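The primary structure of each chain is shown beneath.
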Amino acid sequence: MKNLGYVEKLLMKDIPKKCSQCGNTRLYYKGLGSYECKKCQNIEYDDYGKIRNYIDKYGNTPVQTLVLELGIDKEIVEYYIKDGKLEIVEDESINLLTCYKCGCTIITGRYCPACQKELTDGIKDLFKEKKNIS
């Protein structure tokens with residue numbers, strides 16, 4: 001874990017280690033940020049699960065609200081936006097994302113849809129060329 005960046009360390013630290021109901025340490029990842037206790041079936045959540053639950057309950061929410069209401073580091077929320085798991089709300093004025101390739105404003109991920117398609121098509125073409133050479 002010594003080579004992980006700051007955000008990755010925060011993500012690792014956030015994984016529930018034991019059940020808040022019975023104290024059992026056997027938690028199994030169920031997906032979407034939720035972990036189930038094998039002893040009492042209680043569900044625990046990591047930061048992503050907490051964010052998803054909050055958005056499910058209250059709808060689109062600005063990053064700052066998530067940070068204040070859930071006590072989650074801003075860097076974690078931004079990580080999930082860049083990872084494509086969350087989108088920026090249209091009226092959000094902080095930290096608008098820009099496409100890594102063309103620089104246009106985007107609401108999730110690292111590339112705009114046009115550049116994503118261009119990159120994907122380029123990769124497909126490389127595989128076609130390699131197949132034709134072999």
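What you are looking at is a predicted structure, and each value in this text was computed from that prediction instead of being measured.

Basis of the calculations
- Numbering of residues begins from 1 in every chain and follows the order in which that chain's sequence is written.
- Given that this is a predicted model, residues contribute local features only at a pLDDT of at least 70 and side-chain atom pairs are listed and counted only at 80 or more, while totals for whole chains, interfaces and linings are drawn from all residues.
- Hydrogens and waters are ignored; side-chain quantities use all the structure's heavy atoms.
- Secondary structure elements follow DSSP: runs of H or I no shorter than four residues count as helices, runs of E no shorter than two count as strands, and numbering proceeds from the N terminus.
- Per-residue accessibility, obtained with a 1.4 Å probe over protein chains only, is compared with the maximum for each type, and a residue is labelled buried under 20%, exposed over 50%, and partly exposed between these values.
- As used throughout, the charge tally considers Lys and Arg to be positive and Asp and Glu to be negative, leaving His and the chain termini uncounted.
- The term salt bridge refers to a pairing of a side-chain nitrogen on Lys or Arg with a carboxyl oxygen on Asp or Glu at a separation within 4 Å.
- In this description, contact between two residues means that some pair of their heavy atoms is separated by no more than 4.5 Å.
- Here the axes come from fitting lines to C-alpha atoms, over the contacting stretch only for helices, and the angles between their N-to-C directions go from 0 to 180 degrees.
- Each angle is binned into one of four classes, with values under 35 degrees roughly parallel, values over 145 roughly antiparallel, values of 65 to 115 roughly perpendicular, and all other values oblique.
- Each crossing gets its handedness from the near helix: less than a right angle anticlockwise from the far helix is left-handed, clockwise is right-handed.
- Classification convention: Asp, Glu, Lys, Arg as charged; Ala, Val, Leu, Ile, Met, Phe, Trp, Tyr, Cys, Pro as nonpolar; all other residues, Gly among them, as polar.
- Strands were regarded as paired on the criterion that DSSP finds at least two bridges between them.

1. A short note on the side chain of Glu-44
- In this fold, Glu-44 is placed in strand β3 (residues 43-45).
- Lys-50 provides the closest opposite charge to the buried, salt-bridge-free Glu-44, at an N-O distance of 7.6 Å.
- Beyond its immediate sequence surroundings of up to four residues, Glu-44 is in contact with Pro-16, Lys-18, Cys-19, Ser-20, Gln-21, Leu-27, Gly-33, Ser-34 and Tyr-35.

2. Describing the packing of helix α2 (residues 47-58) against helix α3 (residues 63-70)
- At their nearest, the axes of α2 and α3 sit 11 Å apart, and the two run at 110 degrees to each other. It follows that α2 is roughly perpendicular to α3 by the angle criterion. Considering only the axes of α2 and α3, their crossing is right-handed. Along the contact surface, α2 presents Lys-50, Ile-51 and Tyr-54, while α3 presents Thr-65, Leu-66, Glu-69 and Leu-70.
- When its residues are assigned to classes, the contact of α2 with α3 shows 4 nonpolar, 1 polar and 2 charged.

3. Quick look at the sheet that holds β3
- Spatially, the 3 strands line up as an open sheet ordered β1-β2-β3, and their pairing is antiparallel. Strands at the two margins of the open sheet, each flanked by one partner only, are β1 (27-31) and β3. Between one strand axis and the next, the sheet turns by 35 degrees as a mean value, whatever way the strands run.
- Where strand β2 (residues 34-37) meets β3, 3 bridges bridge the pair, whose relative direction is antiparallel. The residue bridging Ser-34 from the neighbouring strand is Tyr-45, located in β3.

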